[in-house]
Amino acid sequence: VDALEITGSLEQDVDEPSPGGAALDTDRLTERAMAHRPDLAAAQARRNRADSEVKLNRALRYPNLTFGFPSEQSRGVQGNDDLSTFGLGLGVTLPIWNQNQGGIALAQADLMQAEARVRQRDQVIRAEIQSALNKFQVSAKRVEAVRSRLLPRAEESRKIAEALYEEGATNLLQLLDAQRAFNEARLRSHQILFEYQVSRSLLERAVGTELTALGAHQ
C-alpha cells in the first residue's frame, strides 16, 4: 500500500455526507474496472492477438495457386510460316491436403489459454472489488460513528468535567480522567480515519480509478 497522508479533522467533518457514497455498488465498480484495470487490458490484448493468429492460420490452410501463360513459336512444314501456340498453366503448392492443421491447432490452443486468462482475471477482479468494497463500507460506517457519537460524547464529557471542576464539584483526578478519555477518543478517531483511507486506497486499486470519479465523498 502506498504511503497515505491523513488530512482534515473528523471533528470538523461531522456535517459532511457519508464517506461511503450512496452510488457505490459492485456492478458499477466492476464496470469501471473492466475499462481501467491494466492487467485485464493486457489479458484481453493477448486474447485478441491469439484470435488473429487463429484467423491467419485458417487462411493459410488453402494452397497458393499460381497462373501462367506459356507461349511457343515454331516454323511451319515449308519453313516459311511461323506457328504460335499459347497455353494456360495452373500451379498448386504442395502438399494440398495438409490444410495447415498443425498451425491451426497450435493457434487454437493459444487462443483457449488466452481466453482462460481473461476469464480468470475477470473473476479475480470481481472478487477483489467485492472484498475491498465490503471493507470500505465497514470502515466508512465506523468513521460515521466516530463523527456522530464517539467524539461528540467524549467532548461533552470533558466539558462537563471541566465545568464541575471549576465549580468545585469534582476533583482534579476526575477532570484528568475525562481529559484522558477525550484524548483516547481523538486517537481512536484518527486510527479509524487512517483505516478508512487505507480501505479506500485498496478499493481504488481494485477498480483501477479514483473513487472521486465515481461520485464518492472524501
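The text that follows walks through the structure, step by step, so that each part is easy to find. Predicted, not measured: the structure shown is a model, and the values here were computed from it. Residue positions are given per chain, counted from 1 along the sequence in the order it is written. Only residues with pLDDT of at least 70 are given local features in this predicted model, and only at 80 or more are side-chain atom pairs given and counted; all residues enter the totals for whole chains, interfaces and linings. By convention in this description, side-chain values take in all heavy atoms of the structure and omit both hydrogens and water.

**Focus on the overall build of the protein**
Part 1 of the argument: The secondary structure listing takes helices from DSSP runs of H or I that are at least 4 residues long and strands from runs of E that are at least 2 residues long, numbered from the N terminus. The number of helices and strands found in the protein is four helices and four strands.
Part 2 of the argument: Going residue by residue from the N terminus, the α and β elements of the protein occur as α-α-β-β-β-β-α-α.
Part 3 of the argument: Here the protein holds 218 residues, and the buried ones make up 29% of them.
Part 4 of the argument: Any pair of residues with heavy atoms lying within 4.5 Å of one another is described as a contacting pair. Across the protein, contacts joining residues at least 24 apart in sequence account for 75% of those joining residues at least 6 apart. Exposed residues in this analysis have more than 50% of their type's maximum accessible area, buried residues have under 20%, and partly exposed residues fall in between, with area computed by a 1.4 Å probe over protein chains only.

**Observations regarding the environment of K135**
Part 1 of the argument: If you trace the backbone, K135 turns up in helix α3 (residues 101–166).
Part 2 of the argument: Taking the C-alpha atoms as reference, K135 lies 9.2 Å from L202; in sequence the two are 67 residues apart.

**Notes on the pattern of salt bridges**
Oppositely charged side chains can pair when the atoms bearing their charge come close.
Part 1 of the argument: We define a salt bridge as a side-chain nitrogen of Lys or Arg found within 4 Å of a carboxyl oxygen belonging to Asp or Glu. Scanning the model with the defined rule gives 13 salt bridges in all.
Part 2 of the argument: The shortest N-O distance in the salt bridge between D177 and R180 comes to 3.9 Å. Taken together, the residues D177 and R180, both in helix α4 (residues 172–207) and three residues apart, mark about one turn of the helix.
Part 3 of the argument: Owing to a relative accessible area of 44%, R180 belongs among the partly exposed residues under this scheme.
Part 4 of the argument: The closest approach of N and O atoms between E204 and R200, which form a salt bridge, is 3.6 Å. Placement of both E204 and R200 in helix α4 is noted, with a separation of four residues, approximately one turn of the helix. There is no split in this pair, since E204 and R200 are both buried.
Part 5 of the argument: Shared partners join several salt bridges into a network, and the residues in it are R37, D39, R121 and E128.

**Notes on the packing of aromatic side chains**
Part 1 of the argument: Only Phe, Tyr and Trp rings take part, Trp by its six-membered ring, and two of them pair if their centres are within 6.5 Å. Stacked means planes under 30 degrees apart, edge-to-face means over 60, and tilted covers everything else. Evaluated as defined, the whole model comprises one aromatic pair.
Part 2 of the argument: Whether a charge lies above a ring is judged from NZ of Lys or CZ of Arg, which has to be within 6 Å of the ring centre and within 35 degrees of the ring normal. Above the face of the F182 ring, R158 is positioned so that its terminal group lies 4.2 Å from the ring centre.

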